[in-house]
Amino acid sequence: MRSIWKGSIAFGLVNVPVKVYTATEDHDIRFHQVHAKDGGRIKYDRVCSVCGQSVQYTEIDKAYESPDGDKVVLSDEDFAKLPVAEKHEIPVLQFVPSEQIDPILFEKSYYLEPDSSTPKAYVLLARTLEQIERTALVYFTLRQKTRLAALRVREGILVVQTLLWPDEVRSVEFESLDGVAEPRPQEIKMAETLVEAMSDDFDPEQFTDEYQIELKRLLDEAIASGTGKVPEQPELAPSGMDAEVVDLVAALQRSLEASGRRTAGGDGAEPKKTAKKAAAKSAEKSGAAKSTAAKSGASKSAAKKTPAKKAAKKAPARKGA
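Cut-offs and rules
- Residues numbered from 1 in each chain as written.
- Predicted model: local features only at pLDDT ≥ 70, side-chain atom pairs only at ≥ 80, totals over all residues.
- Heavy atoms only, no water.
- Salt bridge = Lys/Arg side-chain N within 4 Å of Asp/Glu carboxyl O.
- Helix = DSSP H or I, 4+ residues; strand = E, 2+ residues; numbered from the N terminus.
- Buried < 20%, exposed > 50% of the residue type's maximum accessible area, 1.4 Å probe, protein only.
- Polar contact = N/O pair within 3.5 Å; in protein donor to acceptor, adjacent residues only side chain to side chain.
- Contact = heavy atoms within 4.5 Å.
- Pairing = 2+ DSSP bridges.
- Axes fitted to C-alpha atoms, helices over the stretch in contact; angles between N-to-C directions.
- Expected span 1.5 Å × (residues − 1).
- Arc of directions from axis to C-beta.

Colleague: Got a sec to walk through the pattern of salt bridges? Specific residues and values, please.
Modeller: A complete count under the given rule lists seven salt bridges for this structure. With a shortest N-O distance of 2.6 Å, arginine 217 and glutamate 221 are connected by a salt bridge. Taken together, the residues span about one helical turn, with arginine 217 and glutamate 221 both in helix α5 (residues 210–225) at a distance of four residues. According to the relative accessible area criterion, arginine 217 is partly exposed, its value standing at 33%. Relative accessible area serves as the criterion here: at 30%, glutamate 221 is assigned to the partly exposed category. Within the structure, one salt-bridge network assembled from shared partners comprises Glu107, Arg147 and Glu168.

Colleague: An account of the side chain of threonine 135 is requested, with residue identities and associated values reported.
Modeller: Following the sequence through the fold, threonine 135 ends up in strand β7 (residues 134–141). Of note is the side chain of threonine 135, whose polar atom sits 2.8 Å from the side chain of serine 98. Setting aside chain neighbours within four positions, we find threonine 135 in contact with Gln94, Phe95, Val96, Ser98, Ile101, Ala150 and Leu151.

Colleague: Explain the sheet that holds strand β9 (residues 157–163) residue by residue, including any values.
Modeller: Pairing within the closed barrel is mixed, and its seven strands lie in the order β1-β2-β6-β9-β8-β7-β5. Strand-to-strand twist of the sheet, defined as the mean angle between neighbouring strand axes without regard to direction, takes the value 40°. By the bridge criterion, five bridges tie strand β6 (residues 106–114) to β9 in an arrangement that is antiparallel. Bridge pairing in β9 links tyrosine 111 to valine 159. Set on the sheet, helix α3 (residues 120–132) makes contact with β1 (5–11), β2 (14–22), β5 (89–97), β6, β7, β8 (146–154) and β9; between it and β8 the angle comes to about 80°.

Colleague: I'd like a rundown of α5, residues and numbers included.
Modeller: Taking 1.5 Å of rise per residue, 16 residues should cover 22 Å, and α5 covers 23 Å from first to last C-alpha, within 8% of that figure. All of the buried residues in α5 are Gln212, Leu215 and Ala222. Burial along α5 is one-sided: seen end-on, the buried residues are contained in an arc of 85°.

Pasting the structure below:
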């Protein structure tokens, strides 16, 4: 990996030099545009609307036009003069409970590598964040843009995740939800049962990008055919499921039955962990209930059989008194 930014984290009076790396990458298959008639590559030409000449990228500036029609042209030098753009510092603002950050605010992630011969301060900050179970809020300026960001630890490495500003998250109200009746207790209970049957620990390795896999297969078949064209594909049968389910309880019941078949390994696969966990929990609850019932029954039986004995034992005590 190649670092895209160098600077330092300002943690109080402690300065932590770091290098920044992009933490994620896109695995999508890349395409370029071609002329459908002959397959020729499509090229774009930046043409000035005033003089009609082609313009090199180095000769392009940025312009802002106000709602009143006033235009302001800014060059790269103008942007570089902004005070924030010159800062190569990630100041820690405060530490907040991690669960208070709404996931909708997360934008892009970056790894931070210590940029010092003695990364003691880096390790200290990372260990501290792991211990306190809080997230540090920081300012992070990259490519002439300042973001609020979350600084946290992932597998011992400091990670900065840029956050959207509050006004960048749209507020939403759907009229289709107005006046909708609350789910019935039976429906909620069935849905909770389905959730329990489908629950498991999160393991991203279990999931694959089926679209990219099918797309790669399609391309491989086209290359193997030698024509460079995609062979005709059979049409998919329409789904038998109704577009809108009226009887939710019946639909949930069918979902539970389907989940049970998958869990039982009807397709030859290993049963899911959660099925085992659910069965174990159910067995524990059942065993506990039986044990409690047995104890309750035994104590009731004993209570019925021994009242005379208890009275006989207590009688001498009263006399002695």
